[in-house]
Amino acid sequence: MRVAFVSGNREKLPDAVIPLGILWVAASLPERHEKTVVDLCFAEEPFDALRDRLDEFRPDIVALGMRNIQRADYSGTTDTIAYYAELLEAIRATTRAPVVLGGSGFSVMPAELMRRLQPDYGIAGEAESSFPALIEALEQGEGFEGIGNLHRFVDGALVSNPPAKDFLDMDQLPFPDRSLADPRYYTEYGIEGLQTKRGCPLHCEYCTYPIIEGRVGRIRAPRVVVDELESILEDQPDLKHVFIVDSVFNLPKTHAKNICREMIDRAVSIPWTCYANPLGFDAELAELMAAAGCAGMEVGADSGSDRMLDALRKGFTTKQIRSLSKLAQDVGIPDCHTFLLGTPGETLDDVLRTIEFIIDLDPFGAILMAWVDDYEALDPALAKERRKLHEAVLEVLEEHKTEFSWWSIPSLGVNYDPTLFEMLRKRGFHGPLWQHMRQMAAPVSRRRARSRTGRPSRSKPDATRVGSQ
Ligand code: B12
Ligand code: SF4
C-alpha cells in the first residue's frame, strides 16, 4: 500500500516541533509499504501543497496527524478544529483513499472528533501496532475488531474498540524514521525531540497525558535511548538542542538518573531540556542532570496555592516546588515553571496568591497561562461559561505583566511572539527560548516588583543564571 502521512501542525510557537509521533508510526510500517510524509508546517500555501503532494503520490491511505487542539498561546481552541475540517475536505477533494486520523490532539477526545470531522478511521494513543494492523485489515477486508483504540463508522454508527490489553514494549520498536523529516526543523530551528519512556503514573485533575500514553511507565533501556541520540547527532550536524519529550522525565527517578549516567559515560554532548516534577527530584539527580548537559527544565508547578495544588491533585506542595527550584539553582540548571490560572474551582484570590508565590520563588523563568479547557473546542456552552473567569484572569495578568520582564504570558503575547523569537534565533539562540529571556531582561526596579499586597519582592535579574545555547 502507498501510505501518505500528513502532519497538519503549522504552529511554530514556542518552536516548530518535529512530528515525532508520525515518525515513530512510519518506522513501524512493514517495508513492503511505500510511505511519504507531507509536512505542512513550513508550506506557504498548505492546502495547495497538500493537494499537489497527494496528486503526485497517489496514496492508498492517508494518515492525518493532529497534534494540537489548543493554540500555542492558549488563546483558544475552535479554529484548530475548523482547520482540520478544511484539511479533511482538501484530502477528500484530491483522493478517494480512506483517511485515518491520529495523534495527541485526536487522542484527547477521539469519539467527539470522529463525529465532528468524519474521517474513515481514527486511532487514539500510541499507534505503532494498531496502524499497521489497520492497514492489514484494509488489505484483507477484515480483522478490524481486534485493533486497539480503533474508531470507525459501521452503518453510520460510531464503533470504538477498547484499548489494546497491553501497551507496547518500547525497546522492541524501531527508532523514529527521521529520514522522512523536513530538514528545516534542524537547519532553521535546530531542535529535536527524544522520548526516553512513555506513561505517567500521576493523576493531576486536568491532565490528558495519561490518556495518550497510559499511566504505566514504560521505560526504554538507557543504552537504547543514547544509541538513538548518538545516531541523531551523527546525522544532524546542525542540531543545537534536544527536547526530551517524556511527560515527566524524572518519574521514575532511577530511570532519569540512569539516562544521565549513560550520557555522561558515553560523553554525549548536546544541551537538552526536559519536563521535571517536584516529586522524585533530589540533589543527586540535579547533579547528574547538570553533568549530562541539561540546559533547562520545565516544571508544571501550576499554582502557588496549596489549596489549588490539592484540588488539581498534583501530589506535591508549594514547599516541594521551592525545594526543586533551590536544587536546580544550586547546580546551575535554569528552571522554568508553568502556572495555570483560572482552572475550575479557582478564585481570583488564588490567582493573586500564585503571582505572589512566583515573585517570592523567583524561578529562572515563569510561564503564566490563562487556562482554556480542551472541551471548549467542541462545547460552546462550556466556553461561554468559562469566559468570565478567563477574562478576569487576563485582566489580572494585564496588571502584572510588566513586573518581571522575563516572564512569559502567552495569552497576552508577552515574551511569546514570533517576531521576538525570530530575533532571538537570528542572534544564534536555540532551544526553549525562555532560557535566554532572562539575560535579555532590562533591570526591574524594586518598586515595580511589588506584589499586589505591597509585599516587596526579592527578585531581580541575575546575569549569572543564564541558560546555555
Ligand atoms: C514535549 C511536548 C511539547 C514540547 C515539544 C518539544 C519538541 N521539540 O518536540 C513543547 C514544550 C515545545 C510543546 C509545545 C506545545 N504543546 Co506540547 N506536548 C508535549 C508532550 C509532553 C509530548 C509530545 C511528544 O512529542 N510525544 C512523543 C510522541 C512520540 O508522541 P505522540 O506525538 O503523541 O505520537 C503518538 C500517538 O499520538 C500516535 N500518533 C501520532 N501522530 C499520529 C498520526 C496518525 C495518523 C496516527 C494514526 C497516530 C499518530 O502514535 C504516536 C506514537 O505512539 C505532549 C503530551 C503528551 N504526553 O503526549 C504535549 C502536547 C502534545 N502539547 C500540547 C500543546 C497544546 C502544546 C502547545 C500548543 C501549547 C504550548 N503553548 O506549549 C505547544 C505547541 C507547539 C507546536 N509547535 O506545535 C497538547 C496537544 C493537545 C491539546 N490539548 O491541544 C499535548 C497533548 C499536551 C496537553 N495539554 O494535552 N509541547
Ligand atoms: S505529572 Fe504531568 S503528565 Fe503526569 S498527570 Fe500530572 S500534569 Fe500530567
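Keep in mind that what you see is a predicted model, and the values were worked out from it rather than measured.

**Student:** Honestly, the site of ligand 1 in this entry has me stumped. Any pointers?
**Tutor:** Taken together, 44 residues sit near ligand 1, with Gly21, Gly65, Gly102, Glu126 and Gly193 positioned nearest. Broken down by secondary-structure element, the contributors of at least two residues to the shell around ligand 1 are helix H1 (20–27), strand S3 (61–65), strand S4 (99–102), helix H4 (104–108), strand S8 (191–194) and helix H8 (209–213). The element contributing the most residues to the shell around ligand 1 is H1, with five residues. Of the residues contributing to the shell around ligand 1, the split by class is 22 nonpolar, 14 polar and eight charged.

**Student:** Explain the confidence of the model for the protein here, please?
**Tutor:** Atom-level detail of predicted coordinates should not be read off regions where pLDDT is low. Averaged over all residues, the pLDDT of the protein equals 89, while 92% of them reach at least 70. Counting contacts from residues 443–469, a segment whose pLDDT is below 50, to residues more than four positions away or on other chains yields 52 contacts.

**Student:** How should the sheet that holds strand S12 (residues 272–276) be read in this particular structure?
**Tutor:** Taking strand neighbours across the sheet as the criterion, the six strands line up as S8-S11-S12-S13-S14-S15 in an open arrangement whose pairing is parallel. In this open sheet, the two edge strands, each paired with only one partner strand, are S8 and strand S15 (365–370). For this sheet, the mean inter-axis angle between neighbouring strands, taken without regard to orientation, is 20 degrees. Here strand S11 (residues 241–244) pairs with S12 via two bridges, running parallel. Looking at the pairing, valine 242 lines up with tryptophan 272 of S12.

**Student:** Got a minute to help me understand the packing of helix H11 (residues 283–291) against helix H13 (residues 318–331) in this structure?
**Tutor:** Helix-helix packing is characterised by the crossing angle of the two axes and by the distance between the axes. Across the interface, H11 lies against H13 with an axial gap of 9 Å and an inter-helix angle of 40 degrees. One way to sum up the angle between H11 and H13 is to call them oblique. Crossing hand, H11 versus H13: right-handed. On H13, the residues that touch Ala283, Ala286, Glu287 and Ala290 of H11 are Leu327, Ala328, Asp330 and Val331. Split by residue class, the contact of H11 with H13 holds six nonpolar, no polar and two charged.

**Student:** Got a minute to help me understand the sheet that holds S4 in this structure?
**Tutor:** Strands in a sheet are paired, the pairing made by backbone hydrogen bonds, and the direction either parallel or antiparallel. Across the sheet, which stays open at both edges, the seven strands sit in the order S2-S1-S3-S4-S5-S6-S7 with mixed pairing between neighbours. In this open sheet, the two strands that pair with only one neighbour each are strand S2 (34–39) and strand S7 (157–160). For this sheet the average axis-to-axis angle between neighbouring strands, irrespective of direction, equals 20 degrees. Note: strand S1 (residues 2–7) against S2, six bridges, orientation parallel. Bridging across to S2, valine 3 finds its partner in lysine 35. Contacting S3, S4, strand S5 (121–123) and strand S6 (150–154), helix H6 (residues 130–140) runs over the sheet at an angle of about 155 degrees to S5.

**Student:** Would you explain helix H2 (residues 46–57) in this entry?
**Tutor:** Note on helix geometry: an α-helix contains 3.6 residues per turn, so any two residues three or four positions apart are oriented the same way. The terminal C-alpha atoms of H2, which comprises twelve residues, lie 16 Å apart, in line with the 16 Å expected from a rise of 1.5 Å per residue. Among all positions in H2, only Pro46, Leu50 and Leu54 are buried. All buried residues of H2 lie within an arc of 60 degrees about the axis, which places them on one face of the element. Turned more than 90 degrees off the buried face of H2, the exposed positions are Asp48, Asp55 and Glu56. Just downstream of H2 lies arginine 58, where phi reads positive at about 50 degrees.

Cut-offs applied
Residues numbered from 1 in each chain as written. Chains lettered and ligands numbered in written order. Predicted model: local features only at pLDDT ≥ 70, side-chain atom pairs only at ≥ 80, totals over all residues. Near = placed C-beta within 6 Å. Helix = DSSP H or I, 4+ residues; strand = E, 2+ residues; numbered from the N terminus. Nonpolar A, V, L, I, M, F, W, Y, C, P; charged D, E, K, R; others polar. pLDDT = per-residue confidence, 0-100. Contact = placed C-beta atoms within 7 Å. Pairing = 2+ DSSP bridges. Axes fitted to C-alpha atoms, helices over the stretch in contact; angles between N-to-C directions. Parallel < 35°, antiparallel > 145°, perpendicular 65-115°, else oblique. Left-handed = near helix turned anticlockwise from the far one by under 90°. Expected span 1.5 Å × (residues − 1). Buried ≥ 20, exposed ≤ 12 C-beta atoms within 10 Å, placed from the backbone. Arc of directions from axis to C-beta.

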